[in-house]
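Next come the chains, spelled out residue by residue.
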Amino acid sequence: EAGVAQSPRYKIIEKRQSVAFWCNPISGHATLYWYQQILGQGPKLLIQFQNNGVVDDSQLPKDRFSAERLKGVDSTLKIQPAKLEDSAVYLCASSYSSPGSGEQYFGPGTRLTVT
Amino acid sequence: GENVEQHPSTLSVQEGDSAVIKCTYSDSASNYFPWYKQELGKGPQLIIDIRSNVGEKKDQRIAVTLNKTAKHFSLHITETQPEDSAVYFCAARNTGNQFYFGTGTSLTVIP
């Protein structure tokens, strides 16, 4: 079974530029998460999708971050304009949505550096 | 919302010794508690998990215990090996299926 795929793996941009990350979850996983992991910290949830609907985006900085999951499979996360403090690893994870199937699997992440 | 605290932040053990990492959570409705291992440049990898209706779970050298009353859970690694060196994260999942992570423990196993 293929794991969660993410691209690009690394991205360097200047502040005020825009950037987009892509995620393809494990086949059949209805729930998709985007996390931000700042160096030395645990992952922080940005947004959670159930199929193509948003379940929780309370920690997403909506003035600059946006995400979509068209057709309930792939997802993109965008930052526009980027700030220095956005430098982090952006992790995508997916899981089944049925009760009792809570296992969450992560992709390798995209390391973003904003200069 | 949920708040997960994790201790210690760093841990060094001799090869063959045991390592214990502890986490506490605040939301009594949280019902699932996974542990992840993260190696440099990689995403977190699920190594063991426990659900709220179970007190202990073991998988070879790794075990997890849960005390619902005290709202804390622990990871135990026995007979540590150099390849166990990594950052370990605990997490708690609430009833909305959102995961909240601890701040991580950097484990070093000294050969």
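Residues numbered from 1 in each chain as written. Chains lettered and ligands numbered in written order. Predicted model: local features only at pLDDT ≥ 70, side-chain atom pairs only at ≥ 80, totals over all residues. Heavy atoms only, no water.

Asker: Explain the overall build of chain A to me, please; I cannot follow it from the model alone.
Answerer: Tallying secondary structure elements over chain A gives zero helices and eleven strands in all. Ordered by position from the N terminus, the helices and strands of chain A form the series β-β-β-β-β-β-β-β-β-β-β. Against the 2.2 N^0.38 benchmark of 13 Å for 115 residues, chain A shows a C-alpha radius of gyration of 13 Å, consistent with a compact globule. Counting every position in chain A, which comprises 115 residues, the buried fraction comes to 45%. In chain A, the share of contacts with a sequence separation of at least 24, taken over all contacts with a separation of at least 6, comes to 53%. (Helix = DSSP H or I, 4+ residues; strand = E, 2+ residues; numbered from the N terminus. Rg over C-alpha atoms; globule rule 2.2 N^0.38 Å. Buried < 20%, exposed > 50% of the residue type's maximum accessible area, 1.4 Å probe, protein only. Contact = heavy atoms within 4.5 Å.)

Asker: It is not clear to me how the state of the cysteines should be interpreted in this structure. Could you clarify?
Answerer: Here a disulfide denotes a covalent bond joining the sulfur atom of one cysteine to the sulfur atom of another. Summed over the entire model, instances satisfying the criterion amount to two disulfides over all chains. Here A:Cys23 engages in a disulfide with A:Cys92; their sulfurs sit 1.9 Å apart. Across the S-S bond of A:Cys23 and A:Cys92 the torsion is about -70°, and the bridge reads as left-handed. Highlighted residues: A:Cys23 in strand β3 (residues 19–24) and A:Cys92 in strand β9 (residues 88–95), separated in sequence by 69 residues. Residue A:Cys92 is classed as buried on the basis of its relative accessible area, which comes to 0%. Residue B:Cys23 pairs covalently with B:Cys90 via a disulfide, S to S 1.9 Å. Disulfide B:Cys23-B:Cys90: torsion about the S-S bond near -100°, hence left-handed. Of the two residues, B:Cys23 sits in strand β3 (residues 19–25) while B:Cys90 sits in strand β9 (residues 86–93), which places them 67 residues apart along the sequence. Each member of the pair, B:Cys23 as well as B:Cys90, carries the same accessibility label: buried. (Disulfide = S-S within 2.5 Å.)

Asker: Explain the sheet that holds strand β7 (residues 62–67) of chain B to me, please; I cannot follow it from the model alone.
Answerer: Two strands in a sheet stick together by hydrogen bonds in their backbones, pointing the same way (parallel) or opposite ways (antiparallel). All names here are of chain B. If you walk across this open sheet you meet the five strands as β1-β3-β8-β7-β6, and the pairing is antiparallel. In this open sheet, the two strands that pair with only one neighbour each are β1 (4–7) and β6 (56–59). Mean inter-strand twist for the sheet, computed between neighbouring axes without regard to direction, equals 15°. (Pairing = 2+ DSSP bridges. Axes fitted to C-alpha atoms, helices over the stretch in contact; angles between N-to-C directions.)

Asker: Where do I start with the interface of chain B and chain A in this structure?
Answerer: Interfaces are often described in size by the accessible area the parts lose on coming together. The interface is formed by 20 residues belonging to chain B together with 24 residues belonging to chain A. Taken together, both faces of the contact between chain B and chain A bury some 1,500 Å²; the carbon and sulfur share is 48%. Among the residues of chain B in contact with chain A, B:Gln98, B:Phe99 and B:Phe101 are the three that bury the most area, contributing 29% of the side total. With a shortest N-O distance of 3.1 Å, A:Glu103 and B:Arg51 are connected by a salt bridge. For the pair chain B and chain A, the number of links is six residue pairs in polar contact (both at pLDDT 80 or more). (Buried area = accessible area lost by both parts, 1.4 Å probe. Salt bridge = Lys/Arg side-chain N within 4 Å of Asp/Glu carboxyl O. Polar contact = N/O pair within 3.5 Å; in protein donor to acceptor, adjacent residues only side chain to side chain.)

Distances and angles like these do not, on their own, reveal function.
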